[in-house]
Amino acid sequence: MSRQAQQASPPESAPHEGGLEQRLRARSHLLEVLTEVQAEFIQQPEATARLFEKLLSVLLELTGSVRGFIGEVCRPSEGVPYVKAHAVHGTWTEELRETSNAILATGRPVESGTVLGLPFHAANELLGMVGIVHRPGGQHEEVIDLLQPFLTTCRTLLLGWRGAQQRRRTEEALRSQQEQLQMLALVAARTDNAVILTDEKGCIEWVNEGFTRLTGYTLPEVVGQKPGVLLQGPETAPDIVRHMSECLERGEGFIVELINYHRLGTPYWVRAEVQPLYDEQGRLTRFMAIESDITRRKQQEEELRQHRDHLQELVRQATRKLEAQQTQLIQSEKMASLGQMAAGIAHEINNPMSYITSNLGTLVDYSQVLLRLLSLHDEHTEALAAGRRQDTEALLERIQSLRRQEQVDELVADMPDLIQESLEGTRRVDEIIQGLKMFSRQDSGPPQPTDLNHVLESTLKLVRNQLKYKCRVLCDWGELPPIPCHPTQISQVFTNLLVNAAQSIQTQGEIRITTRHEGQQVVVSITDTGSGMTPETRAQLFTPFFTTKPPGKGTGLGLSISYSIISRHKGDIEVRSEPGQGSTFTVRLPVAPE
């Protein structure tokens, strides 16, 4: 206790020092002050802090106390309760802190020496407390009796203050919500989407003009109705309706796409996004729905689905044709799916077929002109033979006019090129078909013990004309044991690798062939000094129909077929390459078991 507090003496009106008359005067004075405070609170509820200070000053004056406080018990949603002081007089000493903590813990009055602490409750809940430091020797029982109306006033004041605070928060939340609704109304009025506000039970309170344009219903016609009852119909998916009902019952938002019906009975698709709205206390008050017309998108999706089904049927038809020739395909990394391969075939064949079709159409037009010209020549010959000179001259003039008009000389000169291009297109188609046959062909007969050095020598003879003008071939033959294989297929692999190596060399270069026996494998390496490959190219190297060659120069099946052949022989094929550094293909095949 401070020296100032020790020297202070209670006023003469302290109730514990006078007689009955003095105590009655003190009680009367207290009641007057309490009445004034309550009247002021009714007029100015925002002055609660000042009124608590006034009450505490009167209390200290009447009791002759030197320090005191009026506090409220606060209970946060998270954490432990604590005491919030609304009025404090004097120093907040340890004895006052201990007094408040004791009341907070037990909810009972505390009398300890010169300290008196009294709680006040509301609905069996500790609402707050009053604590005073009384003069030594004070009569606590008389003070407690005096303080009962004081405690009642504190409780009333605190409850009123809490109510005012709650009303203020509610009014602010309502005002904020109204402002938000006004802003929403302004935005909704300018959007083509339908905006719907319902109460917490899902009954419509408000809709915008976009809703009217979309559904045909006006605001007065729909207020109080539920959107589902109003807009849903026979084609609305029941599982979607059930999902929406469950979300609304739980107060949850959702996004769905469903069929609704216009006022005239016309179905349309909407994307509905529904969100719950809550007040400051977390209570569900409304639902807001924003619906956008997605009918056109759904129609496009349906058209796309039908088109996709048609393409899938074409793929299935093409696949069934291919499956008859591909029963032995055991590729591992060269095909993502049979559908992708069929799509690749269709794309690859489409290029030559497109200009074959175009050329044939042009040739048909040319043939019509030539047939007309031939018919005129026949008439001219008949007229000449019959001696009809006038008809002969007229026909000759028509023939010359037709030749000039149709530019027959240029037409005839163009026909060989058209025929040659068409033949080239059929050759490309035939090359693709032959490659596919090789790609899917079954092995004929059992594997034969074969020396790969001999296979390589034979293959070099076959491709010599494609190599000798561009590169020098260096061979480093190792001593090899025979391996079980189909020599024709292995030769096809080496043919593809050697031809690709030569084509990667721009002007002049070198191809080195090395064969070795390593453990239980025969290893063949073919290295070129060509342009090399990027990592992206290496990643797709064995994919069917992937090629880096110009259009018309390759089918993209060579390496994928080679990969398939080596895989069927239980071997492996690897590649190392860097741009500008050439490439090395390494083929590993198992030797025959002893």
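Provided above is the structure to which this section pertains.
## Quick look at the sheet that holds strand 2 (residues 82–89)
- Spatial ordering of the open sheet is given by 2-1-5-4-3, a layout of five strands whose pairing is antiparallel. Only two strands of the sheet have a single neighbouring strand rather than two, namely strand 2 and strand 3 (110–112). Strand-to-strand twist in this sheet, taken as the mean axis angle between neighbours without regard to direction, amounts to 15°.
- With respect to the sheet, helix 3 (residues 48–63) is in contact with strand 1 (67–74), strand 2 and strand 5 (125–133), its orientation differing from that of strand 2 by roughly 65°.
- Here helix 4 (residues 94–106) sits on the sheet and contacts strand 1, strand 2, strand 3, strand 4 (115–122) and strand 5; the angle it forms with strand 5, its principal contact strand, is near 155°.

## Side note on the packing of aromatic side chains
- Under the definition given, this model contains zero aromatic pairs.
- Over the face of the ring belonging to W269 we find K298, whose NZ or CZ atom lies 4.5 Å from the ring centre.

## Here we look at the layout of surface pockets
- Taken as a whole, the second largest pocket encloses approximately 450 Å³ of empty space.
- Every residue lining the second largest pocket is counted, 24 residues in all, and those nearest its centre are P227, G228, Q232, M244 and L248.
- Mapped by element, the contributors of at least two residues to the lining of the second largest pocket are strand 6 (194–199), helix 8 (227–231), helix 9 (238–250), strand 8 (254–261), strand 9 (267–278) and strand 10 (284–293).
- Grouping the amino acids of the lining of the second largest pocket by side-chain chemistry returns 14 nonpolar, six polar and four charged.

## Considering helix 4
- Over its 13 residues, helix 4 runs 18 Å from end to end, which matches the ideal 18 Å to within 8%, given 1.5 Å per residue.
- The set of residues buried in helix 4 consists of L96, T99, S100 and I103. Viewed end-on, helix 4 has its buried residues packed into an arc of 95°, placing them on one side of the element. Turned more than 90 degrees away from the buried face of helix 4, the exposed residues are A105 and T106.
- Residues of helix 4 that are buried make contact with strand 1, strand 2, strand 3, strand 4 and strand 5.
- Positive backbone phi, at 75°, marks G107, one or two positions downstream of helix 4.

## A word on the pairing of strand 5
- With eight of its nine residues buried, strand 5 lies for the most part within the structure.
- The pairing of strand 1 with strand 5 spans six bridges and is antiparallel. Bridge pairing in strand 5 places F69 opposite G131.
- With eight bridges joining them, strand 4 and strand 5 adopt antiparallel strand pairing. Looking across to strand 5, one finds that P119 is bridged to M129.

## Brief notes about the sheet that holds strand 9
- Pairing within the open sheet is antiparallel, and its five strands lie in the order 7-6-10-9-8. Only two strands of the sheet have a single partner each, and these edge strands are strand 7 (204–207) and strand 8. In this sheet, neighbouring strand axes are inclined to one another by 30° on average, regardless of whether the strands run parallel or antiparallel.
- Bridge analysis of strand 6 against strand 7 gives three bridges, and the strand direction is antiparallel. Each bridged residue has a counterpart across the sheet, and for L197 the counterpart in strand 7 is W206.
- The sheet contacts of helix 9 involve strand 8, strand 9 and strand 10, and relative to strand 8 the element is tilted by about 130°.

## Quick word on the environment of K226
- Note that K226 resides in the loop between helix 7 (219–222) and helix 8.
- Sequence-wise, K226 and D199 are 27 residues apart; in three dimensions their C-alpha atoms are separated by 9.8 Å.
- Among residues more than four places away in sequence, those in contact with K226 are K201, G202 and C203.

## Notes on the nonpolar core
- Ranked by internal contacts, the top residues of the largest apolar core, which has 37 residues, are L452, I490, F494 and I511.
- Counting only elements with at least two residues in this core, the list comes to helix 14 (452–467), strand 13 (483–485), helix 15 (487–504), strand 14 (509–518), strand 15 (521–528), helix 17 (558–568) and strand 17 (583–590).
- Apart from residues lying up to four places away in sequence, F494 is in contact with L452, V455, L456, T459, V524, I526 and V587.
- One finds V37, V58, L118 and V130 within the second-largest nonpolar core, a separate group that totals 32 residues.

## Considering helix 15
- Compared with an ideal rise of 1.5 Å per residue, which puts 18 residues at 26 Å, helix 15 spans 26 Å between its outermost C-alpha atoms and is within 8% of the ideal.
- Burial analysis of helix 15 places 13 of its 18 residues in the buried class, the great majority of the element.

Each value, and the rule that gives it
- Residues numbered from 1 in each chain as written.
- Predicted model: local features only at pLDDT ≥ 70, side-chain atom pairs only at ≥ 80, totals over all residues.
- Heavy atoms only, no water.
- Pairing = 2+ DSSP bridges.
- Helix = DSSP H or I, 4+ residues; strand = E, 2+ residues; numbered from the N terminus.
- Axes fitted to C-alpha atoms, helices over the stretch in contact; angles between N-to-C directions.
- Contact = heavy atoms within 4.5 Å.
- Phe/Tyr/Trp six-rings, centres within 6.5 Å; stacked < 30°, edge-to-face > 60°.
- Lys NZ or Arg CZ within 6 Å of the ring centre and 35° of its normal.
- 1 Å grid on protein atoms, 1.4 Å probe; cavity = no way out; pocket = protein on both sides within 12 Å on 5 of 7 lines; lining within 4 Å.
- Points joined across faces, edges and corners; volume = space filled by probe spheres on them.
- Nonpolar A, V, L, I, M, F, W, Y, C, P; charged D, E, K, R; others polar.
- Expected span 1.5 Å × (residues − 1).
- Buried < 20%, exposed > 50% of the residue type's maximum accessible area, 1.4 Å probe, protein only.
- Arc of directions from axis to C-beta.
- Core = buried A, V, L, I, M, F, W, Y, C linked by side-chain atoms within 4.5 Å.

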